[in-house]
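# Secondary and tertiary structure notes
The residues making up each chain are set out below.
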Amino acid sequence: MTSPTTHSAASPQSPVTTPDLPVVTAEPLAPARAESPAPGRRRRDPFFDNAKFLAIVLVVAGHSIVDLRDVRLAHALYLFVYTFHMPVFIVITGYFSRNFTFSGGKARKLITNLGVPYVVFETAYSTYHWAVGSSDFEISLLDPYYLTWFLMALFMWRLSTPVWQQIRWPVAVAVGVSLLAGMSDLPDDLEMNRVFGLVPFYVLGLMLKQEHFDLLKRPKARVLGALTLLAGFAFTLFVADRHMATEWVYWRSGNAALHVGNLTGSAMRLALMTAAIVLVAAFLTLVPGRQTWFTGLGGATLYAYLLHGFFTKLMEYMGWYDAAFLHTIPGVLGTAATGAVLATLLCTPPVRTVMHWALEPDMSWAFVPLRRPRKA
């Protein structure tokens, strides 16, 4: 395991190593408890760890109620949360990926911290689906199963980072790529629909600076953010819930698969991008900027992201979602709360100790010594 480095409130451009997701994001895992920074080590900015923890709670709670969407409140909550919960992680991932290059050991960390966990969990989930879900046994590393799509997408985005940094209008180009992807019949391999469809959020993160996040920490911004989230949920409950297919917020299908023309599909994508960015900003206004009881847990969100699926899939495979009580408003709220508790537990030190081998493997044995350029 590589020793953790830190976020810096004063200088956010520290090198990126581990995706602390939903996965979910882009800098090394933090210690579970607050520690005094060692000499020469910059202090982590608790704002980003807090944001990641609160976002992973939304992710797990959302996945927990996926089979309860016959209840209107559950479907509205699901649709609302899915509009922005992954964009939160992707924007933060992009922000902490700004210094990614292929120099030094960063390319190795890309393999260790994304490639290896992807192979481990793609295999684990496929095997679990076969053993518990009674499906045919199949492992396809080119076609991500369930939650592992984010690791594949992040791997591809990280590789593209130097390219985006050379383009004059990167966000506009990324939006164009996303719109063109919706018009194309892309294969499922390498999760291409999501890689291209969601790339504007990653590129936006690459372009952000610390002062942009500082604007969201102002008291007036918090009030506006809370009102925006309330208005967004009201719109989802009374309008989007009735007229928009859930498939739109997955970003995994083109316009043809969604049975719309390219003009309608492009307009919908632009509207979803705009709504997501507004809701991401609103969500971040409510994130505490100080150290909290869950700040340390925010450094282990990748654990919660990749592990919670075994629990939610078990409920599906065993038919536990068929219980009548769950398909009521109290049942939905209770299930979502259980998901929030599960997300919290999966970020704790004991889980990290047990699962460290899979999510933060020591792969130094697999690499040759770093080569340094010879002096002329």
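Up top is the structure these notes are about.
Residues numbered from 1 in each chain as written. Predicted model: local features only at pLDDT ≥ 70, side-chain atom pairs only at ≥ 80, totals over all residues. Heavy atoms only, no water.

## Considering the pattern of salt bridges
Rules: Salt bridge, as used here, is a side-chain nitrogen of Lys or Arg placed within 4 Å of a carboxyl oxygen of Asp or Glu. Under the scheme used here, helices are H or I runs from DSSP no shorter than 4 residues and strands are E runs no shorter than 2 residues, and both carry numbers assigned from the N terminus. Accessible area is worked out with a 1.4 Å probe on protein chains only. A residue is then buried under 20% of its type maximum, exposed over 50%, and partly exposed in between.
Taken as a whole and judged by the stated rule, the model has eight salt bridges. Salt-bridge contacts for Asp 49 lead to Lys 52; the nearest nitrogen and oxygen are separated by 3.3 Å. Here the residue Asp 49 and the residue Lys 52 both occupy positions in helix α1 (residues 46-64), the gap between them amounting to three residues, near one helical turn. With relative accessibility at 2%, the residue Asp 49 sits in the buried group. The closest approach of N and O atoms between Asp 241 and Arg 72, which form a salt bridge, is 3.3 Å. Of this pair, Asp 241 sits in helix α9 (residues 219-243) while Arg 72 sits in helix α2 (residues 72-95), and the two are 169 residues apart along the sequence.

## Description of the packing of α1 against helix α11 (residues 301-317)
Using the following cut-off: Note on geometry: axes are lines fitted to C-alpha atoms, helical ones only across the stretch in contact, with angles between N-to-C directions running from 0 to 180 degrees. Angles are sorted into four bins: roughly parallel if under 35 degrees, roughly antiparallel if over 145, roughly perpendicular if 65 to 115, and oblique for all others. Between two residues, a contact is recorded if the distance between any of their heavy atoms is within 4.5 Å. Any residue outside Ala, Val, Leu, Ile, Met, Phe, Trp, Tyr, Cys, Pro, Asp, Glu, Lys and Arg is labelled polar, Gly included; the first ten of those are nonpolar and the last four are charged.
α11 packs onto α1 with a crossing angle of 10° between their chain directions and a minimal axis gap of 10 Å. In terms of orientation, α1 and α11 fall into the roughly parallel class. Side by side, α1 and α11 meet where Lys 52, Phe 53, Ile 56, Val 59, Val 60, His 63 and Ser 64 of the first sit next to Thr 301, Ala 304, Tyr 305, His 308 and Thr 312 of the second. Across the contact of α1 with α11, the residue classes break down as six nonpolar, five polar and one charged.

## Concerning the side chain of Asp 45
The criterion, for reference: As used in this structure description, the phrase polar contact means that two N or O atoms lie within 3.5 Å; if the pair is within protein, one of them must be able to donate a hydrogen and the other to accept it, and residues adjacent in sequence are counted only when both atoms belong to side chains.
In this fold, Asp 45 is placed in the segment before α1. Polar side-chain contacts of Asp 45 include one of 3.0 Å to the backbone nitrogen of Phe 47.

## Considerations on the side chain of Arg 44
You can see Arg 44 is positioned in the segment before α1. Of the residues examined, Arg 44 reaches a relative accessible area of 11% and is grouped as buried. Looking at Arg 44, its side chain comes within polar contact range of the side chain of Asp 49, at 2.7 Å.

## Observations regarding the environment of Gly 133
Its place among the elements puts Gly 133 in the loop between α3 (106-131) and α4 (149-164). Residue Gly 133 is classed as partly exposed on the basis of its relative accessible area of 25%. Placed 181 residues apart in sequence, Gly 133 and Leu 314 show a C-alpha to C-alpha distance of 8.1 Å. Residues contacting Gly 133, with those up to four places away along its chain left out, are Tyr 128 and Tyr 317.

## A look at the packing of aromatic side chains
Basically, it comes down to this: Each Phe, Tyr or Trp ring (for Trp, its six-membered ring) is paired with any other whose centre lies within 6.5 Å, and the angle between the two planes then decides the class: stacked below 30 degrees, edge-to-face above 60, tilted in between. For a lysine, the NZ atom is tested; for an arginine, the CZ atom; a charge sits over a ring if that atom is within 6 Å of the ring centre and within 35 degrees of the ring normal.
One pass over the structure, following the stated rule, counts 28 aromatic pairs. Here Phe 84 and Phe 283 contribute two aromatic rings whose centre-to-centre distance is 5.9 Å and whose plane-to-plane angle is 45°, an arrangement assigned as tilted. Taken together, the positions of Phe 84 in helix α2 and Phe 283 in helix α10 (residues 262-285) put the pair 199 residues apart, joining distant regions of the chain. You'll find Phe 84 and Phe 283 in the same group, each marked buried. Three or more aromatic residues link up through ring pairs in this structure, and these residues are Phe 121, Tyr 125, Tyr 128, Tyr 145, Tyr 146, Phe 310 and Tyr 317. Over the ring of Tyr 78 we find Arg 69; its NZ or CZ atom is 4.7 Å from the centre of that ring.

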